[in-house]
Amino acid sequence: MWTRVFICLLGAVFMYEVITSDIYISELMVESNVTLEAQDILSSWNTSFNLQVAGTAQSHTVTLLDRELVAECLIVGEDYSCNCSTGYHWSNEVCYTYNCCRETTCTKNVSFILPICVEKDEVVINGSVEVTSWTQTHTNELKQGFELLNALKDLNITTRTSTSGNTIADFGARVSVKLNTSKLQEIMDGLKSSLGTNLIFVDTQGMVTINASSGTVGYMSKHDLRCTFEEATDRAGWNLSRKFERFELNNGKLVTLDFNCHTEKYKSCVAVTLVNVTGIWSGTYECGFTIGSVRHTARTSMHVAPLPDSISISINPLTADCTVNDPPTILVTAIIPIPERYNYSWTYHEKNKFEESTENSFNYRATIDCNQKDKPHHVSITFKNNKDQEKTASVEIPVLYAGEAFCKEDTSNGESWPKAPVESTVINRSCPDGRVGYKSRTCSKNGMWMDVYPNCVSEELQKVSQAADNFLNGLGATDKVAKNIFGGIKNGSKSNSDFDVDIADTIASINVVDTMAMASKNIALQEEVFPEFVEAASNMLNSNWTGVNNTVRYKMSSKYLNSVEDLVKNINVNTSSGFNSTNVDLRFCSSDNCNESVFDIDVNLNMTNGTMKVMAVKNLMNKLRNNFPKTHHTSLLLSATLVNNNDSDISIKMSFPSESPSSTKHFCVFWDTKKNDWSDEGCVVNTTDGNHTVCECNHLTSFSVLMSKSDISSDSLDMITKVGLGVSVCSLLIFLFIEFLVWSAVIKTNLSHFRHTAVVNIAVFRLLADCSFLASFSPDKLSDTLCLAFTVCKHLFYLAMFTWMLCLSIMLVHQLIFVFSPLRKRVFMFLSSILGYVCPILLVGSSYVYYKYTKKDYYNKKTCWLNYERLLVGSIHAFLLPVGTIVLANLFSMMVVILTLVKTSVPDSSKADEKETAKSILKVVIFLTPVFGVTWTTGFFLLVLDESNSMHTAITYIFTILNSFQGLFILLTGCFAEQKVREELFKIIKAKSGRNNNSIKKLTSSATATTYTKDK
């Protein structure tokens, strides 16, 4: 008879006399051929008993700390009787080798197995299985399968009906020892076969060790959680559960996962680091290790000391008016999303005492101190949690003081905006039902209201935006969530009839896409999200993005393009060949010679490896800034990216369909993401025909084609322009000086007075226009304000010059046709002032207001001149159309005058002087009108003339020469070609030179005797 006693020993090794260096647990087997009592053996060792343990390098002294009986076996011949002590159960090896799996005596020879018994450790198994119909046979099969588990305590089964009509059986089992995963997987595989289903899922609790901080943690603090498991596993991860919510954790801005923390003992490990935790990070954290279809889990709870994640503050009224007698009182309201038990305090000039509240809305009445003009009026609210952490939000109240400039009360889109001080922004947080956010409006320094900035977005889109922020932070960052986010954008970005609503939702949608693009750099998204993403990206381009100025629109379009391009690049592709929608066509290619077509753009790229992703976009080019002057864009943009490619040299060819056959100058450009502008660096126009423009580039990004009627710049033309304008300015100054000298001598009749008045005005406005042109010759060196000012000046002065030409021609026609009804001076000056001064101002003012109201470009910042897009489109037509009309009218008037002089004969000799004057006027008109008319006619002709025409260059030079030297032509025709002016000028020169002693007397006498025609 043999007795074997298994004793668990707990000892401490003393190394180098350092107490409690390491703790060890060992199992001691005592074998005897006589019957032994376990208690006798245990009592023979006391706590002062030491053992010498030999190590690989040296021996160690082990002090016995505790001892406990684990199992006892009685062997009589071939009969075995083994039992585990209380608190212990048969090990998995004993169970699965000798079928001793329950808390009964084992009659097999298991005495040589180590360990024979293990300490009890409850493990819970939960799972579900889906079948067509659940029967008692399925229940028996499930029970038989779990009976094979070691230390099974109980098994519970409940059934429910799935949404598809099948039956789902949920089961829960408890065992007393840690499981053998391979055995559990073997049982699950057998159940799949016997139950006739593959839909069976199992997870356990009690197998995994979890380490985490306990209790309430601080707001915006950092925390580490770690889970370890003894077996090697296929994958691991973390989840956060809240009431009715469950999120998977992934790497993000606030989450960092570590899968490399395993040790020799714990072959699987997953740790998570959370930073800047807020209320949304409170909940139950679950880690999981998966092997096959079995998942081992552990849970812990974390509560974050609450503070409001967001604080929205509104004021009523929107401004404080200190121009009234009584100090104004403002109602300040703070709203937080979730009510908690907080201490809160309001502050206006001084901090109030903290009060306790569990509400989510807080009110405070602030009486404005109108004597503190130098200090901003801030009202703030502070919340304090049970860890004495604080969070503060504030609002600035715009205050209107007596005697200071302000914007008047105004109504925009049916909404009232109160009087407000200059350079202040008024925020209105009232939004229509179903929308959240605010509307803001700024009072400019000149006392004019700027456009309303709309930011009231739909509540559904706001939820999508919050989900995207969580996704970026690492909370719920899965493909399924990404699909839901893009689906929310797709539905929320559909065009709305209300411009403000539409643009607010579009801005919010673009921000969500940008957030997802940043998240895609950390989280690998799969191609399953592409359909929703492509539809969402397409829907955002359906509207015109009106309701904001160009600066905001350019930022929106640039952010949209960069974000969409990043997402296309970062989303993984497996088997799909592409996706398309109304405004977005996306194709993939993995061959070494890629030839794809997207929206009729043919793309060719040779590569050795990787995948090409090419995307064509409609309705975006008109929203991007065009920094190439005198060009217009195509309707298509092409984006090309390469992933998993290591080619050093890349050459991509793109064939864009021609949309403007009359355009002869083409530019292959790409979108420079650093400058947010177009650039042609690295791109060339390979070939161009009437149907296609082929571009070839040595890099990949977003491409398009810009077109113009002619070359953008010419050094020779610029030189001619500068010289001509300089000569014109000098000539006009000389002309005006001569007119000043001879004025009293040459306006003896009303007809002469009329003519010289018109010609002087033409010269003055031409001089001002030329000076403005020269001052703005280098637009890149001017600010936007100066550029706009010079554009307005040139527009106004050139129009005024032409309207005074029209006055001159109308006067001449009237004077010659109605010979006996001469025009009175007062009438002429009144009508001429309206036509020559008022009309140009009205034309320029109305065109500027129109383009500002319609959010279109009034001027081109690259040229400091009116904007030209295409024929009959652009602000340049506010100049070309009236000028063209005047030129035609002048030519018509000249023909009428000539015909009238030919057919009419006036025998009255008393009219001889008048007839001579009329002839002189006719000479001037013959000189002036054709010059002006031909000049601008050639300009009109250039707009429709094909650049390939052999006459194009010649007419361009003719136009430049005639237009820039017009000041010289005015001097020649207005002074030296006019007999009376020449004679009077010679008299003055002779008088000044002293060659004729009587000249001064004659000149004085002539001047004294001058009589003027009496006004009738």
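A brief report on the enclosed structure follows. (Residues numbered from 1 in each chain as written. Predicted model: local features only at pLDDT ≥ 70, side-chain atom pairs only at ≥ 80, totals over all residues. Heavy atoms only, no water.)

## Some thoughts on the overall build of the protein chain
At step 1: If you tally the helices and strands in the protein chain, you get 19 helices and 52 strands.
At step 2: The 1016 residues of the protein chain split such that 47% are buried.
At step 3: Long-range contacts, defined here as pairs at least 24 residues apart, represent 67% of the contacts in the protein chain between residues at least 6 apart.
At step 4: Accessible surface, the protein chain: about 50800 Å² in total, of which carbon and sulfur atoms supply 53%. (Helix = DSSP H or I, 4+ residues; strand = E, 2+ residues; numbered from the N terminus. Buried < 20%, exposed > 50% of the residue type's maximum accessible area, 1.4 Å probe, protein only. Contact = heavy atoms within 4.5 Å. Areas by Shrake-Rupley, 256 points an atom, 1.4 Å probe, with all protein chains shown as cover.)

## A few points about the nonpolar core
At step 1: Of all hydrophobic cores here, the largest spans 76 residues; its most connected members are F146, W238 and W281.
At step 2: Looking at which element gives the most residues to this core, the answer is helix α4 (residues 181-195), with five residues.
At step 3: Not counting residues up to four positions away in its chain, the partners in contact with F146 are I125, L152, L155, F171, A173, I187, M188 and L191. (Core = buried A, V, L, I, M, F, W, Y, C linked by side-chain atoms within 4.5 Å.)

## Let's talk about the sheet that holds strand β27 (residues 361-367)
At step 1: Strand order in the open sheet made by the three strands is β21-β23-β27, with antiparallel pairing throughout. One side of each edge strand has no neighbouring strand; the edge strands of this open sheet are β21 (312-316) and β27. Pairs of neighbouring strands in the sheet enclose a mean axial angle of 20 degrees, with direction left out of account.
At step 2: Alignment of β21 against strand β23 (residues 329-335), held across five bridges, turns out to be antiparallel. The residue of β23 that forms the bridge with S312 is I335. (Pairing = 2+ DSSP bridges. Axes fitted to C-alpha atoms, helices over the stretch in contact; angles between N-to-C directions.)

## Details of the layout of surface pockets
At step 1: The computed volume of the second largest pocket comes to approximately 1700 Å³.
At step 2: Lining the second largest pocket are 48 residues, with D309, S310, P337, Q462 and Q466 sitting closest to its centre.
At step 3: Of all the secondary-structure elements, those providing two or more residues to the lining of the second largest pocket are β16 (245-249), β20 (294-304), β21, β36 (435-443), β37 (453-458), α5 (459-473) and α7 (499-519).
At step 4: Across the lining of the second largest pocket, the residue classes tally to 23 nonpolar, 16 polar and nine charged. (1 Å grid on protein atoms, 1.4 Å probe; cavity = no way out; pocket = protein on both sides within 12 Å on 5 of 7 lines; lining within 4 Å. Points joined across faces, edges and corners; volume = space filled by probe spheres on them. Nonpolar A, V, L, I, M, F, W, Y, C, P; charged D, E, K, R; others polar.)

## Considering the packing of helix α8 (residues 530-539) against helix α9 (residues 550-570)
At step 1: Two elements in contact, α8 and α9, have axes whose closest approach is 12 Å; the angle formed by their N-to-C orientations is 165 degrees. Here α9 runs roughly antiparallel to α8, going by the angle between their axes. Relative to α9, α8 is oriented so that their crossing is left-handed. The segment α8 lies against α9, with F530, F533, A537 and S538 engaging Y560, V564, L567 and V568.
At step 2: A per-class count over the contact of α8 with α9 returns seven nonpolar, one polar and no charged. (Parallel < 35°, antiparallel > 145°, perpendicular 65-115°, else oblique. Left-handed = near helix turned anticlockwise from the far one by under 90°.)

## Description of helix α16 (residues 952-964)
At step 1: Relative to the 18 Å expected for 13 residues at 1.5 Å per residue, α16 spans 18 Å between its end C-alpha atoms, a close match to the ideal helical length.
At step 2: Burial in α16 covers these residues: H952, I955, T956, F959, T960, N963 and S964. On an axial view of α16, the arc spanned by its buried residues comes to 145 degrees, and they lie on one face. (Expected span 1.5 Å × (residues − 1). Arc of directions from axis to C-beta.)

## A few points about the state of the cysteines
At step 1: Under the counting rule described, the total for this entry stands at 13 disulfides.
At step 2: A sulfur-sulfur separation of 2.0 Å characterises the disulfide bridge that pairs C73 with C82. Note on the C73 and C82 pair: the S-S dihedral is about 120 degrees, so by sign convention the disulfide is right-handed.
At step 3: C73 sits in the buried class, given a relative accessible area of 1%.
At step 4: One disulfide in the model links C322 with C370; its S-S distance is 2.0 Å. Because the torsion about its S-S bond is -80 degrees, the bridge between C322 and C370 counts as left-handed. (Disulfide = S-S within 2.5 Å.)

## Observations regarding the packing of aromatic side chains
At step 1: In this structure the tally under the stated criterion is 25 aromatic pairs.
At step 2: Pairing F530 with F588 gives two aromatic rings, centres 5.3 Å apart and planes at 45 degrees, and the pair type is tilted. Of this pair, F530 sits in helix α8 while F588 sits in strand β39 (residues 584-589), placing them 58 residues apart in sequence.
At step 3: The class for F530 is buried, based on a relative accessible area of 0%.
At step 4: Relative to Y858, the ring of Y848 lies with its centre 5.3 Å away and its plane at 90 degrees, an arrangement referred to as edge-to-face. Taken together, the positions of Y848 in helix α13 (residues 825-853) and Y858 in the loop between α13 and β51 (859-860) put the pair ten residues apart, joining distant regions of the chain.
At step 5: Overall, Y848 belongs to the partly exposed group, its relative accessible area being 30%.
At step 6: Owing to a relative accessible area of 5%, Y858 belongs among the buried residues under this scheme. (Phe/Tyr/Trp six-rings, centres within 6.5 Å; stacked < 30°, edge-to-face > 60°.)

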